[in-house]
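Commentary on secondary and tertiary structure
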Amino acid sequence: MSIESARQRLTQATLPVAVLAALLAPCIATASPQVAIERAGPPVPTPHTQPCEVQLFSNAPFDTPATGFVFTPPANCPGPWAKVVLSVDLSGSRDARTRGIALALDDVTLFVGPTPDTAQPAQWHVERDLTDYSVLFKQPGNGALTALRAFRDIGGSSTHVTGSATLRFYPPRAGNPAPRVPDAVFPTYANQLGGPPGVKDLASLPHNIERAYLDVTANDESFWYNCITPAMAQAHPTLISSVALGLSQRGIYPAEQGCLPHSYSDVLVTVDGTPAGVAPVFPWLPTHFSINSGPRRSPFWNVVDTPTDSAQSLDFVPYRVDVTPFAAILNEAGTHQVALNMTAHSDINDQWFLAPSTANLLVYLDPGKSRLPGAVTFNSLPAGLPAPAVSDGLVQDGNLLDGRVGTRLDRNFEIRGYVDTSRGRIESSVTQQSSFQNVRQFHVKDDPADHNDQPYYREDLWLQSTTQSTSRRTRNGTLLSEDQVQASYPLELHYIGAGRLTDWYSEEGTLDVDLFGGSVNVHQQRQLDVTHSRHGLQPYTTQLREEFEGNHRVDPDTDADSNWHAAHTFMFSDNRGSCYQKAVLTRNGSLDETATGMGCPNGTNHVRWYAHPDGSADGLSWQRP
């Protein structure tokens, strides 16, 4: 089965959304209980050597406050290692009431991911290439398992997402050399429920930093791309509807849709308060597409992720920001701060919240010199969070609202700096161009003041987000390294919500509006094109294409539920012969078909041991240690 045939099999995803009746045709659910989530993404490739294994924990709960564990380096297996892989097996269900988990060692975050929150208990597997974090594993340490967003059930008891994790250390050998890895890793920022809050003071940084990178994880904000401006909320109260798309706050009984201040998000990195880089935010799809405000099951409560996952719906791949131009600043004596700055969103009741965010600083040192002087010589990145341009084409006609809303922001900058190393002056530069455009079309029939109305809410969303970044290092005019990364995150989402009157929320029989049915259609992509160049070596290029299409329909009159129909495809290739392709199809909430190796030589997946097929950062040090 080819990728194209997988898409063609998902016929419902291409149905028009103009006619509600056609989308809400009665259907019969045939879903079976889900045991294991079938993932389209690749495992971490490894060398053909026998690894040393250290079990970090077994059947341990992710909780708030965090559950602790103790790490001991592998016996008789000292570094350096050719590869270090984190392997985690997880289990949970809706009863766990946990919305995201994090795993850390000595406050350095090793893994962050949302949870599937399925109706039935589910198991899923995640892996992470932690070779760049090898320095952490050379000495004993203390770890923590944190539930990022957790709350107790009505009975006062609490269940958890539980997991077992193992670190695998692969010894080097001929053909599988140990790469040069960062000499030190520091936790710089953590904004997590129950975890260390905010930016950290870095008082023990070395003074001979030659290169510096920041691994940023800041994805977990539900429907930030569906927020509106305060002026728009005031001018068009029809947008604030109990049958609208989205969750505007966390909790057992979330507020109605209506988050502020706009539908744009990125992460501004600062070093000692000075702008130092920007990380894009992936528009991931949360499990829930509507509120669950009472005893009635919402029709779009946990619809998107079972029995397969959407892109990054179970693990967030960190985005690496090159802050090497600031190496000289980090080398200066005193305390430093490397912080993440994001727009904090609020709901219509002015309850503010910020996505769980973490960042780790990875540095390479000059062994031939104890202190590297230098400077930042040019910086065109503006201070402060950007304000996107928002166009309001909405027209209100009685209880009908129609029109289009656009949000756009282009962001271009360059930063240059240098350090005087033991090998001479090395100059570094980072140039980045980003383009963001989010267009939403609305057709809403609702009157917040009239509960005799049956609200209808249709929203069509088209989002394009592309970031191009180039990092260069030169010495005496000779190119030492160049890394080019283009990340593109298209999202197309079509939503229809149909409301009905109900007295389920009132002992006195008072009628209120609730979401009874509708449809969700999504088309989500993650595209990465990367080229690494090193002096005297052939460039290394990679390409990643991840795509998720799916739909869910619920008849508002009969409650007939189609369950989730989805096609998730993942493709990775490089110019060294790596090829990975997999497609996962689901129908009526059940696994329908999987196919692997489509389009690869001999129809078989084959990925080089050093590759990063998940799209995580690659320093190319495996090519020349």
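1. A few points about the overall build of the protein
The helix and strand inventory of the protein stands at four helices and 30 strands. The proportion of buried residues among the 625 residues of the protein is 59%. In the protein, once contacts between residues fewer than 6 apart in sequence are set aside, the share between residues at least 24 apart is 77%. For the protein, the exposed surface amounts to about 23,500 Å²; the carbon and sulfur share of it is 50%.

2. A word on the pattern of salt bridges
Counted under the stated rule, the structure contains 22 salt bridges. The partner of arginine 423 in a salt bridge is glutamate 210, with the nearest N and O atoms 2.6 Å apart. With arginine 423 in the loop between strand E21 (400-421) and strand E22 (424-445) and glutamate 210 in strand E10 (residues 209-217), this residue pair connects regions lying 213 residues apart in the sequence. A relative accessible area of 42% means that arginine 423 is categorised as partly exposed. For glutamate 210, a relative accessible area of 6% translates into the label buried. Notably, a salt bridge pairs arginine 320 with aspartate 215, separated by 2.7 Å at the nearest N-O pair. Of this pair, arginine 320 sits in strand E13 (residues 319-322) while aspartate 215 is found in strand E10, placing the two residues 105 residues apart along the sequence. Overlapping salt bridges, with partners in common, bring together Arg39, Asp309 and Asp315 in one network.

3. Focus: the sheet that holds strand E17 (residues 357-365)
Strand order across the open sheet formed by four strands is E9-E17-E10-E13, with antiparallel pairing between neighbours. Looking at the sheet topology across the chains shown, the edges are occupied by strand E9 (184-191) and E13. Ignoring which end each strand starts from, the neighbouring axes of this sheet average 25° apart. In this sheet, E17 lies alongside E9 in antiparallel orientation, the contact comprising seven bridges. Across the sheet, the residue bridging to proline 187 is asparagine 360, located in E17.

4. Concerning the sheet that holds strand E12 (residues 274-280)
If you walk across this open sheet you meet the three strands as E12-E11-E14, and the pairing is antiparallel. Of all the strands in the sheet, just E12 and strand E14 (338-341) have a single pairing partner and so form its edges. Here the average twist between neighbouring strands, direction ignored, is 25°. Strand direction decides the pairing type here: strand E11 (residues 266-271) and E12, joined by six bridges, are antiparallel. Its bridge partner being in E12, leucine 268 is matched across the sheet by valine 278.

5. A look at the pairing of strand E29 (residues 579-587)
The side chains of a regular strand alternate between the sheet's two faces. Of all nine residues making up E29, eight are buried, and the element is well covered by its neighbours. For strand E28 (residues 565-574) and E29, the ladder comprises eight bridges, and the chain directions are antiparallel. From the neighbouring strand, alanine 566 faces E29, where its bridge partner is threonine 586. In this structure, the hairpin formed by E28 and E29 is closed by a connection of four residues, where glycine 577 is found at a positive phi of approximately 100°. Pairing of E29 with strand E30 (residues 590-596) involves six bridges; the strand directions are antiparallel.

6. Quick notes on the confidence of the model for the protein
With 82% of its residues at a pLDDT of 70 or more, the protein has an overall mean of 85. Ignoring residues within four places in sequence, the model shows residues 9-33, a span with pLDDT below 50, making 61 contacts including any to other chains. Segment residues 248-253 is flagged for pLDDT under 50; beyond a separation of four residues in sequence, or across chains, it makes 25 contacts in the model.

7. Let's talk about the state of the cysteines
Enumeration over the complete set of coordinates arrives at two disulfides. Through a disulfide, cysteine 52 is tied to cysteine 77; the S-S separation comes to 2.2 Å. Measuring the twist about the S-S bond at about 90°, one finds the cysteine 52-cysteine 77 disulfide to be right-handed. In this pair, cysteine 52 sits in strand E1 (residues 52-62) while cysteine 77 sits in the loop between strand E2 (67-71) and strand E3 (83-92), placing the two residues 25 residues apart along the sequence. With respect to burial, cysteine 52 and cysteine 77 carry one shared label: buried. The side chain of cysteine 579 participates in a disulfide bridge whose partner is cysteine 600; the two sulfur atoms lie 2.1 Å from each other. Measuring the twist about the S-S bond at about -85°, one finds the cysteine 579-cysteine 600 disulfide to be left-handed. Here cysteine 579, found in strand E29, pairs with cysteine 600, found in the segment after E30; they are 21 residues apart in sequence, far enough to count as distant.

8. Description of the packing of aromatic side chains
Counting across every chain of the model gives 17 aromatic pairs. Judged by centre distance (5.3 Å) and plane angle (50°), the rings of phenylalanine 57 and phenylalanine 69 are tilted. One end of the pair, phenylalanine 57, is in strand E1; the other, phenylalanine 69, is in strand E2, and 12 residues separate them in sequence. Among the residues examined, phenylalanine 69 registers a relative accessible area of 8% and is labelled buried. Look at tryptophan 224 and tyrosine 225: their rings are 5.3 Å apart centre to centre, the planes differ by 75°, and that puts the pair in the edge-to-face class. Look at tyrosine 225 and you get buried, because its relative accessible area is 0%. An aromatic cluster is defined as three or more aromatic residues linked by ring pairs; in this entry it consists of Phe223, Trp224, Tyr225, Tyr264 and Phe436. The cationic tip of arginine 211 hangs over the ring face of tyrosine 364; the distance from NZ or CZ to the ring centre is 3.9 Å.

9. What to know about the side chain of serine 428
Along the chain, the position of serine 428 falls in strand E22. With a relative accessible area of 7%, serine 428 lands in the buried category. Excluding anything up to four places from it in sequence, serine 428 contacts Thr324, Pro325, Ile415, Arg416, Gly417, Arg472 and Arg473.

Cut-offs and rules
Residues numbered from 1 in each chain as written. Predicted model: local features only at pLDDT ≥ 70, side-chain atom pairs only at ≥ 80, totals over all residues. Heavy atoms only, no water. Helix = DSSP H or I, 4+ residues; strand = E, 2+ residues; numbered from the N terminus. Buried < 20%, exposed > 50% of the residue type's maximum accessible area, 1.4 Å probe, protein only. Contact = heavy atoms within 4.5 Å. Areas by Shrake-Rupley, 256 points an atom, 1.4 Å probe, with all protein chains shown as cover. Salt bridge = Lys/Arg side-chain N within 4 Å of Asp/Glu carboxyl O. Pairing = 2+ DSSP bridges. Axes fitted to C-alpha atoms, helices over the stretch in contact; angles between N-to-C directions. pLDDT = per-residue confidence, 0-100. Disulfide = S-S within 2.5 Å. Phe/Tyr/Trp six-rings, centres within 6.5 Å; stacked < 30°, edge-to-face > 60°. Lys NZ or Arg CZ within 6 Å of the ring centre and 35° of its normal.

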